[in-house]
Amino acid sequence: AKSLRDQAIRQVTDRATTHQGRHQVTHTDDCFSDTDDTDRKMAALRPTRTDLLDTLRASGVCSLRMKYDGYSDEGQIQGIKISPSGITLPKDLEYSLRDFGFRFAHALNPCFDSEHGAFGKLTWDLNADSIKVKHSQYYLEHDTTRYEGL
């Protein structure tokens, strides 16, 4: 018989599409997502978020931080730091968590993984079920100086 924790992990990984590498994204829409689109994407993530929340809490996790970055149509979760330290997540749960983090960041900032890219950090307080996001977008800037009639 499977434990409740094992059943919860299976449920999370069944619901989430997991990726063991970099996400390949083809942008077919405008990168400047409107509020309705962001709300729709966040609502679609709600079942996975709830499953992950329950499973992570049952594993003893109080909070976690995921760093992400991307550019040129590729993006990924760079790392996950769990608190309290010493908890090791099963690989399938870690992949589901990475997938959720990528999709969460992408829902808020649809083009973080295109052109010059962006990076950021998601901090999830599991006790309060509150996620903070710090996002930084790369961009090119130039300054032109003209000299005439010298």
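Residues numbered from 1 in each chain as written. Predicted model: local features only at pLDDT ≥ 70, side-chain atom pairs only at ≥ 80, totals over all residues. Heavy atoms only, no water.

## Comments concerning the overall build of the protein chain
Okay, step 1: Check the secondary structure of the protein chain and you find 3 helices and 5 strands.
Okay, step 2: Listing each helix as α and each strand as β along the protein chain from the N terminus yields α-β-α-β-β-α-β-β.
Okay, step 3: Counting over 150 residues, the protein chain shows a buried share of 35%.
Okay, step 4: Sequence separation of 24 or more characterises 70% of the internal contacts of the protein chain that already satisfy a separation of 6 or more.
Okay, step 5: For the protein chain, the exposed area adds up to about 9400 Å²; of that, 47% sits on carbon and sulfur atoms. (Helix = DSSP H or I, 4+ residues; strand = E, 2+ residues; numbered from the N terminus. Buried < 20%, exposed > 50% of the residue type's maximum accessible area, 1.4 Å probe, protein only. Contact = heavy atoms within 4.5 Å. Areas by Shrake-Rupley, 256 points an atom, 1.4 Å probe, with all protein chains shown as cover.)

## With respect to the pairing of strand E5 (residues 130-137)
Okay, step 1: Examined bridge by bridge, strand E4 (residues 118-125) and E5 share 8 bridges and lie antiparallel to one another. When the bridges of E5 are listed, Phe119 appears paired with Ser136.
Okay, step 2: What sits between the antiparallel neighbours E4 and E5 is a turn of 4 residues, in which Asp129 has the positive phi angle 50 degrees. (Pairing = 2+ DSSP bridges.)

## Some remarks on the nonpolar core
Okay, step 1: Among the nonpolar cores identified, the biggest contains 21 residues, and Leu56, Leu64, Leu97 and Trp124 are the most heavily contacted of them.
Okay, step 2: Those elements giving two or more residues to this core turn out to be helix H2 (35-58), strand E2 (63-71), strand E3 (74-83), helix H3 (91-108) and E4.
Okay, step 3: Aside from chain neighbours lying at most four places away, what touches Leu97 is Leu52, Leu56, Leu64, Met66, Ile80, Leu89 and Trp124. (Core = buried A, V, L, I, M, F, W, Y, C linked by side-chain atoms within 4.5 Å.)

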